[in-house]
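Results of the structural survey
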Amino acid sequence: MFAARITLEEHRKAADYTLTKARLGLLHLVVETGLLLAFTLGGGLQWLNDLLLPQLSPLFAGTVLLLALFLIGALVELPLNLYQQFGIEARFGFNRQTAGGFVGDLVKQTLLGLLIGGPLILLVLWLMGVMGEAWWIWVWGVWMGFNLLVLMLYPTVIAPLFNKFTPLEDSALRARIEALLRRAGFTASGVFVMDGSRRSSHGNAYFTGLGKNKRIVFFDTLLKQLKPGTDRGRAGA
């Protein structure tokens, strides 16, 4: 069925790519397991706690401790992430990320994690200390509220920090998508194109957001690969 669309060489390349990523995933699992054992049975968690607790109040020490664990984990896995981006992705012809772009994304992700994660952890630990046996209900409410807030803010506040989004200019394609949305009873604030080609030649699409902030996003690479009205376009719709 797909012989006329996918060559044997393309099929082998896809299989090799999948196996290579699976092997890297297993290596990630080994590293994460080793890190977990080092923090628990190896005494790393206690060492960090002893280092921080005399310097800070218990509340702030707990917050810094958790943030330190996340940062250490990210540093340990950084070589694997570099290999995935500039080794595997480059070898199979998918990588378009530059070293400067990778570092820029890493800095943004770290700062965003600290700005959001720090206050959130601090609030959770404070609730655990003052709400008695019912602390978990309050923490659950905070966590649910946080996730809903992120869903609302992600399309218009967070995602634009990493990518550029422009309204879909192809009026015919936009009309087809909007007709499909009406048939499905799904509402969205717009259809956008993301500059995914800055980092990768992979094609993808997604919808995100909550309430009035819902939007549909196409990678620019996907629109270049699939042409509406062709067999490949109908197959990818």
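Bear in mind the structure is a predicted one, so any value in this text is a computation, not a measurement.

A separate point is the nonpolar core. In terms of nonpolar packing, the biggest core is built from 15 residues, with Phe 165, Leu 168, Ile 177, Val 191, Ile 216 and Phe 218 touching the most fellow members. Look past the residues within four positions of Phe 218 in its chain and what remains in contact with it is Ile 177, Val 191, Phe 192, Val 193, Met 194, Asn 204, Ala 205 and Leu 223. Counting 6 residues, the second largest nonpolar core, distinct from the first, contains Leu 24, Leu 80, Ile 88 and Phe 92.

This part covers the pattern of salt bridges. Applying the stated criterion to the full structure yields 2 salt bridges. Linking Asp 195 and Arg 198 is a salt bridge whose minimum nitrogen-to-oxygen distance equals 3.4 Å.

Its 14 residues give helix H6 (residues 171-184) an end-to-end C-alpha distance of 20 Å, which sits within 8% of 20 Å, the value for a rise of 1.5 Å per residue. Taken together, the buried positions of H6 are Leu 173, Ile 177 and Leu 181. Buried positions in H6, seen along its axis, are confined to an arc of 75° and lie on one side of it. Of the exposed residues in H6, the ones pointing more than 90 degrees away from its buried face are Arg 182 and Arg 183. In this structure, the buried residues of H6 make contact with strand S2 (191-194), strand S4 (215-219) and helix H7 (220-225).

Another point: a nonpolar patch on the surface. Among the surface-exposed residues, Leu 71, Val 103, Val 107, Leu 111, Leu 114, Leu 115 and Ile 116 lie close enough to one another that they form a single nonpolar patch of about 590 Å² accessible area. Tracing the backbone shows Val 103 in helix H4 (residues 99-130). The exposure class assigned to Val 103 is partly exposed, which follows from its relative accessible area of 48%.

Below, the discussion takes up the pairing of strand S3 (residues 205-208). Here S3 runs beside S4; their pairing, made up of 4 bridges, is antiparallel. Across the sheet, Ala 205 pairs through a bridge with Phe 218, a residue of S4. Remark: 6 residues form the turn of the hairpin made by S3 and S4, two consecutive strands paired antiparallel; Gly 209 in that turn has positive phi of roughly 105°.

Over the atoms, a rolling probe the size of a water molecule traces out where space has been left empty. Roughly 980 Å³ of internal volume is contained in the largest pocket. Listing elements by their share of the lining of the largest pocket, those giving two or more residues are helix H3 (58-91) and H4. Among the residues making up the lining of the largest pocket, the classes are represented as 13 nonpolar, 14 polar and 3 charged.

Calculation criteria
- Residue positions are counted from 1 within each chain, in the order its sequence is given.
- Totals for whole chains, interfaces and linings use every residue, but because this is a predicted model, local features are given only for residues with pLDDT of at least 70 and side-chain atom pairs only at 80 or more, for both listing and counting.
- Just so you know, side-chain values use all the structure's heavy atoms and leave hydrogens and water out.
- As used here, the term nonpolar core means buried Ala, Val, Leu, Ile, Met, Phe, Trp, Tyr and Cys residues forming a set that is joined through side-chain atoms within 4.5 Å.
- For every residue, the accessible area (1.4 Å probe, protein chains only) is compared with the maximum for its type, and the residue is labelled buried under 20%, exposed over 50%, or partly exposed between those bounds.
- For this analysis, residues touch if any pair of their heavy atoms sits within 4.5 Å.
- What makes a salt bridge here is a side-chain nitrogen of Lys or Arg within 4 Å of a carboxyl oxygen of Asp or Glu, nothing more.
- A helix here means a DSSP run of H or I that spans at least four residues, while a strand means a run of E at least two residues long, and both kinds are numbered starting from the N terminus.
- Multiplying 1.5 Å by the helix residue count minus one yields the expected span of that helix.
- Here the arc refers to the set of directions running from the helix axis out to each C-beta atom.
- Residues qualify for a patch when their relative accessible area is over 30% and they have no salt bridge, like charges being joined within 9 Å and the nonpolar side chains of Val, Leu, Ile, Met, Phe, Trp and Tyr within 5 Å.
- The Shrake-Rupley method, run with a 1.4 Å probe sphere, supplies the accessible areas, and residue values consider only the shown protein chains as cover.
- Note on pairing: two strands pair once DSSP finds at least 2 bridges between them.
- Using a grid of 1 Å spacing that covers the protein atoms alone, one calls a set of points a cavity when a 1.4 Å probe fits there but cannot get out, and a pocket when the set is open and has protein on both sides within 12 Å along at least five of seven lines; lining residues are those with an atom within 4 Å of a point.
- Grid points are joined across faces, edges and corners, and a volume is the space filled by probe spheres set on the points.
- For this classification, the nonpolar set comprises Ala, Val, Leu, Ile, Met, Phe, Trp, Tyr, Cys and Pro, the charged set comprises Asp, Glu, Lys and Arg, and every other residue, Gly included, is treated as polar.

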